[in-house]
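# Observations on the three-dimensional arrangement
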Amino acid sequence: MIEQKQQKLASILQDMGQVVVAFSGGVDSTFLLKVAVDTLGVDNVLAVTADSETYPTRELEEAKQLATHIGARHQVIETSELAIPGYTENTANRCYFCKHSLFSHIRPIMEEKGFQNVVYGVIADDANEFRPGMKAAKEKGVRGPLQEAELYKEEIRELSKQAGLPTWNKPSFACLSSRIAYGETITKEKLTKVDRAEAFLKTIGLRQVRVRTHGDIARIEVEEQDMQRVLANHGRITEKLQSYGYKFVTMDLVGYESGSMNRALS
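Below: a short report on this structure. (Residues numbered from 1 in each chain as written. Predicted model: local features only at pLDDT ≥ 70, side-chain atom pairs only at ≥ 80, totals over all residues. Heavy atoms only, no water.)

## Quick word on the packing of aromatic side chains
Given two aromatic rings, one states the distance between the centres and the angle between the planes to describe the pair. Counted according to the given criterion, the structure contains 2 aromatic pairs. Taken together, a centroid distance of 5.3 Å and an interplanar angle of 75° make the contact between Phe103 and Tyr120 edge-to-face. Residue Phe103 is found in helix 4 (residues 94–113), and its partner Tyr120 is found in the loop between strand 4 (117–119) and helix 5 (133–140); the two are separated by 17 residues along the sequence. Its relative accessible area of 0% is what places Phe103 among the buried residues. For Lys135, the ring lying beneath its charged end belongs to Tyr96, and the centroid distance is 5.5 Å. (Phe/Tyr/Trp six-rings, centres within 6.5 Å; stacked < 30°, edge-to-face > 60°. Helix = DSSP H or I, 4+ residues; strand = E, 2+ residues; numbered from the N terminus. Buried < 20%, exposed > 50% of the residue type's maximum accessible area, 1.4 Å probe, protein only. Lys NZ or Arg CZ within 6 Å of the ring centre and 35° of its normal.)

Okay, here's the thing in structure tokens:
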């Protein structure tokens, strides 16, 4: 079944002929880029990564390394989510504004290269989740070949492992704005605070971590097996996060949950 889905993915890309890949360096977009290059050839694929306030420097550097590993052509563009009207207000459809802007920046590059398609790493799992960015993609004519091939995250990880991609077991990643509670204004200072807090937590051996921000409260999410590590280092963690500007430091007993801020929308 999984091999058939990969064949379907290759067939979808083959029909497109040439593609610009919105490339974040995450599990999904990396696999998409790899299959695109293998299927269409280097000259018919361009990876484009948007460098902005919500995208950590460490992720940008990793994206560059991954593109080189795959052998793909790679272009980095400068964008600013904070300059997008409606974005900093941090409403429930924040991701719509982000993706709409991203694809608006990428389409001229596609046209300049003479390509006909922009693709991104939306997957089958996303069809059942709250993803306002999918509306923006549809409006901009951007396709999601992984979703069209009905590939799920765990299948993509398995295929990535078979392909020798180092991202096969990479923790899931989302933009830093997703850490800030809906309704709270997004600022450069808040994004920096989240980025520094998560970077520190990874230095003590936490693999999958989020620092959800609710005003002055840091709500740490980790996988269940890492909760004891957080408790064992609670003094260091509290001191460091308070130095970054948080007044209260907590751990969510539910554990890591993708899109947990959406609970407030229920």
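## Some points on the sheet that holds strand 5 (residues 209–214)
Read from one edge of the open sheet, 3 strands run 5-6-7, paired in mixed fashion. Across the chains shown, the open sheet's two edge strands, defined by having one partner strand only, are strand 5 and strand 7 (248–251). Averaged over all neighbouring strand pairs, the angle between strand axes comes to 25°, with direction disregarded. The sheet contact formed by strand 5 and strand 6 (residues 217–222) spans 6 bridges and is antiparallel. Across the sheet, residue Arg212 finds its bridge partner in strand 6, namely Arg219. Contacting strand 5 and strand 6, helix 8 (residues 188–203) runs over the sheet at an angle of about 145° to strand 5. Strands strand 5, strand 6 and strand 7 of the sheet are contacted by helix 10 (residues 234–243), whose axis makes an angle of about 135° with strand 7. (Pairing = 2+ DSSP bridges. Axes fitted to C-alpha atoms, helices over the stretch in contact; angles between N-to-C directions. Contact = heavy atoms within 4.5 Å.)

## Brief notes about the pattern of salt bridges
Per the stated rule, a full pass over the model turns up 20 salt bridges. The closest approach of N and O atoms between Glu61 and Lys64, which form a salt bridge, is 3.5 Å. In this pair, Glu61 and Lys64 both sit in helix 3 (residues 57–70), 3 residues apart, roughly one turn of the helix. Owing to a relative accessible area of 35%, Glu61 belongs among the partly exposed residues under this scheme. Lys64 sits in the partly exposed class, given a relative accessible area of 34%. The shortest N-O distance in the salt bridge between Asp252 and Arg219 comes to 2.7 Å. Highlighted residues: Asp252 in the segment after strand 7 and Arg219 in strand 6, separated in sequence by 33 residues. (Salt bridge = Lys/Arg side-chain N within 4 Å of Asp/Glu carboxyl O.)

## Focus on the environment of Thr54
Relative to the assigned elements, Thr54 resides in the loop between strand 2 (45–51) and helix 3. Separated by 133 residues in sequence, Thr54 and Thr187 have C-alpha atoms that sit 9.8 Å apart. Within the structure, Thr54 has its side chain in polar contact with the side chain of Glu81 (distance 3.4 Å). (Polar contact = N/O pair within 3.5 Å; in protein donor to acceptor, adjacent residues only side chain to side chain.)

## Focus on the pairing of strand 5
Burial runs high along strand 5: 5 of the 6 residues are buried. The antiparallel hairpin formed by strand 5 and strand 6 contains 2 residues in its connecting segment, where Gly215 sits at a positive phi of about 65°.

## Points about the sheet that holds strand 3 (residues 73–78)
Taken in spatial order, the 4 strands line up as 3-2-1-4 in an open sheet, and their pairing is parallel. Two strands close off the open sheet at either side, each with one partner strand: strand 3 and strand 4. Averaged over all pairs of adjacent strands, the angle between their axes in this sheet comes to 25°, without regard to strand direction. The pairing of strand 1 (residues 19–22) with strand 4 spans 3 bridges and is classified as parallel. Its bridge partner being in strand 4, Val21 is matched across the sheet by Val119. Against the sheet, helix 2 (residues 27–40) makes contact with strand 1, strand 2 and strand 4, and its axis sits at roughly 165° relative to strand 1, the strand it touches most.

## Some thoughts on the nonpolar core
Residues Leu9, Leu13, Val19, Phe31 and Leu33 are the most contacted members of the largest nonpolar core, which totals 33 residues. Of all the secondary-structure elements, those providing two or more residues to this core are helix 1 (2–16), strand 1, helix 2, strand 2, helix 3 and helix 7 (153–162). If one sorts the elements of this core by residue count, helix 2 sits on top with 8 residues. In this structure Leu9 touches Phe31, Leu32, Val35, Pro145, Leu146, Ala149 and Leu151, once residues within four positions along its chain are discounted. With 24 residues, the next largest nonpolar core counts Cys98, Val194, Ile237 and Leu241 among its residues. (Core = buried A, V, L, I, M, F, W, Y, C linked by side-chain atoms within 4.5 Å.)

## Some points on the state of the cysteines
A complete count under the given rule lists 0 disulfides for this structure. Cys95 carries a free sulfur, and the closest cysteine sulfur to it, the one in Cys175, is 5.8 Å from it. We classify Cys95 as partly exposed; its relative accessible area is 29%. In this structure Cys98 is not part of a disulfide, and its nearest cysteine sulfur, from Cys175, lies 5.8 Å away. (Disulfide = S-S within 2.5 Å.)

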